[in-house]
Amino acid sequence: MKKQLPQNSIISKYWLRFLIIILLVIGIFFRFVNIDKKLYWGDEIYSSLRISGYLESEMKEQLTDGHFFGIEDLHKYQYPNPERNAIDTIKGVILEDSQILPLYILLTRFWVEWFGDSVAVTRSFSAFISLLTFPCLYWLCLELFESSLVGWIAIGLVAISPIHLVYAQEVRSYSLWIVAILISSVALLRAMRLKTKLSWCIYTATLILGFYTHLFFTLVAFAQGIYVITIERFRLSKTSISYLLSSLAGFITFVPWIWVIITNPQPEAVDWTNDKHTLFASAARWAGIFSRTFLDLGISPSEPGRLKIALIPFILIILALMSYSIYVLCRRTSKEVWLFVLTLIGSIGLPLLILDFIFQKRYATSRYTLPSVLGIQLAVAYLFSTKLTSVYTKVWQKKLWSLVAFMVILGGVVSCTLNSQAQIWWNKIPEKYQEFPKIANIVSQGNKPLLISDADNLVSPIVILAYLADPKVRFQVVEKNQLPEITNDFSDIFLFLFEPSDFLKAGIEKVYNSKLQQINKFTWKVTKST
């Protein structure tokens, strides 16, 4: 009897690994399927502008003088070309987007130069980088838990995690940021274990990688410092000194970019944080953020309240699972393990939580809380490893936790399936952009269509439409408070104003004796008055 239990445990572990390999294959598939079908939205437009090496001011200067141009002219400012090199790319980030950090943009530029300029290629870099999450996550679990099983389960959870899929298909630095967090965590734990100069130098290198990937990595690095100091009991030990020297070296390399941010601030890039939220709205948003770790049906803030109410039981179950996972982790593991996971969860989650509830603003978003999501997934992976394979777990308990694991898997697969078939997901702000495919379709139906707008609508609304519209569509963009010269060379003329302009609407009607037939809240068809 004593030999049978361990044997059953070994068999169950083999089956568990087999299941996780299947989940890994499914996760990889979803990261690349229909990668070019989703709306190429504002944030990605700005990333591609940076990749091209052009400045937004240059783009506006060259395209807003009222001349006619086509989609190919807009794509000049979205992909690398011989007129701009990598130095121009860095210059663009410094002058107009200092908060996004240059490493991801440069790497994506090189990727597109090598594999070709298309939406699929540009997005595939993030998808490819996201695959590095799996070996890094497995390595971290070996260092932290000394358990390959926890590593396998963590890989399975992340592979079908809806939130990881969302940012694996986005032309932003979040996939690279996740990898930087994981590899720096591995390097830190390894350096603390080996206590060699080389291991601490490797940790320094991972800090540099993280610092130049995402600005909020500084908070993750700070949390790692809290972990080291606490584990060393606030003593100036050899490990503490080595950590301080490594962190100082890494931080010194980041000082030049801190100076760039100070001298080239971009406050308009975070204007969305000024939206006021009630305490209830903030709590609901936080619940939604964390629930998307395992379940995401694409519900956006603009969806009817009935849909959100229907999800409440599922969200509460997910939050309960997360809370219980952290509880079990803290009860059953050593301080070195649970403290690391808690500092990872709190590294960004805690500061944003405090800011949200004190100032009642919208600081937290799903993309910023990814370090917290990683920490929660580590806790859940440990929970499943103990409940599903331990010889001390009763049969009925194993059945219960097998059901819980099945529901988590089902929620992830269903969420990823829905995401893969959608053109616009919640992260692309459907309440703002859901009309764009319809607009592009209407404009493209003309034999020789022209779309008129002004400079305020060039980046990014016009560029978004250019990715959706037929190549025959021509564009005419004028400076603000100027009128275009309307000719008879086009079969259909449309006015597009994502950013409103009463001057342009009134001027076209009055000066050119035309009528504006409204199609939707952003688009009008221009027809001559009879």
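Residues numbered from 1 in each chain as written. Predicted model: local features only at pLDDT ≥ 70, side-chain atom pairs only at ≥ 80, totals over all residues. Heavy atoms only, no water.

## Here we look at the environment of Leu 132
Part 1: Examined against the element boundaries, Leu 132 turns out to sit in the loop between helix H7 (119-131) and helix H8 (133-145).
Part 2: Between the alpha carbons of Leu 132 and Leu 55 there is a distance of 32 Å; along the sequence they are 77 residues apart. (Helix = DSSP H or I, 4+ residues; strand = E, 2+ residues; numbered from the N terminus.)

## Some words on the pairing of strand E6 (residues 523-528)
Part 1: Bridging between strand E4 (residues 492-496) and E6 involves four bridges; their strand directions are antiparallel. In the strand pairing of E6, Phe 496 is matched with Thr 523.
Part 2: Here strand E5 (residues 514-518) pairs with E6 via five bridges, running antiparallel. Residue Gln 518 lies in a different strand from E6, and its bridge partner there is Trp 524.
Part 3: Between E5 and the antiparallel strand that follows it, E6, lie four residues. (Pairing = 2+ DSSP bridges.)

## Some points on the confidence of the model for the chain
Interpreting fine coordinate detail is not advised for predicted regions of low pLDDT.
Part 1: A residue-level look at the chain finds 96% of positions with pLDDT of 70 or above and a mean pLDDT of 92.
Part 2: Low pLDDT, under 50, characterises residues 1-7; the predicted model gives this stretch two contacts beyond four residues in sequence or across chains. (pLDDT = per-residue confidence, 0-100. Contact = heavy atoms within 4.5 Å.)

## Some words on the packing of H8 against helix H11 (residues 174-194)
Part 1: Closest axis-to-axis distance for the H8/H11 pair is 9 Å, and the angle between their directions is 30°. Comparing the axis directions of H8 and H11 gives the class roughly parallel. Where H8 crosses over H11, the handedness of that crossing is left-handed. Touching Thr 133, Cys 136, Leu 137, Trp 139, Leu 140, Glu 143 and Leu 144 of H8 are Ile 178, Val 179, Leu 182, Ile 183, Ser 185, Val 186, Leu 189, Arg 190 and Arg 193, all from H11. (Axes fitted to C-alpha atoms, helices over the stretch in contact; angles between N-to-C directions. Parallel < 35°, antiparallel > 145°, perpendicular 65-115°, else oblique. Left-handed = near helix turned anticlockwise from the far one by under 90°.)

## Things to note about the pattern of salt bridges
Part 1: Considering all chains together, one arrives at 16 salt bridges under this definition.
Part 2: Note that Arg 474 and Glu 72 form a salt bridge whose closest N and O atoms lie 3.6 Å from each other. In this pair, Arg 474 sits in strand E3 (residues 474-478) while Glu 72 sits in helix H4 (residues 71-75), placing the two residues 402 residues apart along the sequence.
Part 3: Lys 480 is the partner of Asp 456 in a salt bridge, and the nearest nitrogen-oxygen pair spans 3.4 Å. In this pair, Asp 456 is assigned in the loop between strand E2 (449-454) and helix H22 (458-468) and Lys 480 in the loop between E3 and E4, connecting sequence segments 24 residues apart.
Part 4: When salt bridges that share partners are traced, they join Glu 44, Arg 123, Glu 170 and Lys 428 into one network. (Salt bridge = Lys/Arg side-chain N within 4 Å of Asp/Glu carboxyl O.)

## Topic: the sheet that holds E5
Part 1: Spatially, the six strands line up as an open sheet ordered E1-E3-E2-E4-E6-E5, and their pairing is mixed. For this open sheet the edge positions go to strand E1 (65-70) and E5, each flanked by a neighbour on one side alone. The mean inter-strand angle of the sheet, taken between neighbouring strand axes irrespective of direction, is 30°.
Part 2: Relative to E4, E2 is paired through four bridges, and the arrangement is parallel. Residue Pro 449 lies in a different strand from E4, and its bridge partner there is Asp 492.

## Brief notes about helix H6 (residues 103-115)
Part 1: The end-to-end C-alpha distance of H6, which contains 13 residues, comes to 18 Å, matching closely the 18 Å that a straight helix rising 1.5 Å per residue would cover.
Part 2: Where H6 is concerned, the buried positions are Tyr 104, Ile 105, Leu 106, Thr 108, Arg 109, Trp 111 and Val 112.
Part 3: On its buried face, H6 is in contact with helix H2 (42-52), helix H5 (86-96), H7 and H11.
Part 4: Two residues or fewer past H6, Gly 116 is found with a positive phi of approximately 115°. (Expected span 1.5 Å × (residues − 1). Buried < 20%, exposed > 50% of the residue type's maximum accessible area, 1.4 Å probe, protein only.)

## Focus: the nonpolar core
Part 1: The biggest cluster of nonpolar side chains holds 140 residues, and the ones touching the most others in it are Met 59, Leu 74, Phe 145, Tyr 227, Phe 384, Phe 475 and Phe 496.
Part 2: Examining the composition of this core, we find that 14 residues originate from one element, H11, more than from any other.
Part 3: For Tyr 227, the residues in contact, after removing those within four places along its chain, are Leu 188, Leu 189, Met 192, Glu 336, Leu 339, Phe 340 and Thr 343.
Part 4: Counting residues in hydrophobic clusters, the runner-up holds 14 residues, among them Ile 452, Ile 486, Leu 497 and Leu 504. (Core = buried A, V, L, I, M, F, W, Y, C linked by side-chain atoms within 4.5 Å.)

## Here's the deal with the state of the cysteines
Part 1: According to the stated counting rule, one finds zero disulfides in the structure shown.
Part 2: Not engaged in a disulfide, the cysteine Cys 330 finds its nearest cysteine sulfur in Cys 141; these two sulfurs lie 16 Å apart.
Part 3: Cys 330 sits in the partly exposed class, given a relative accessible area of 29%. (Disulfide = S-S within 2.5 Å.)

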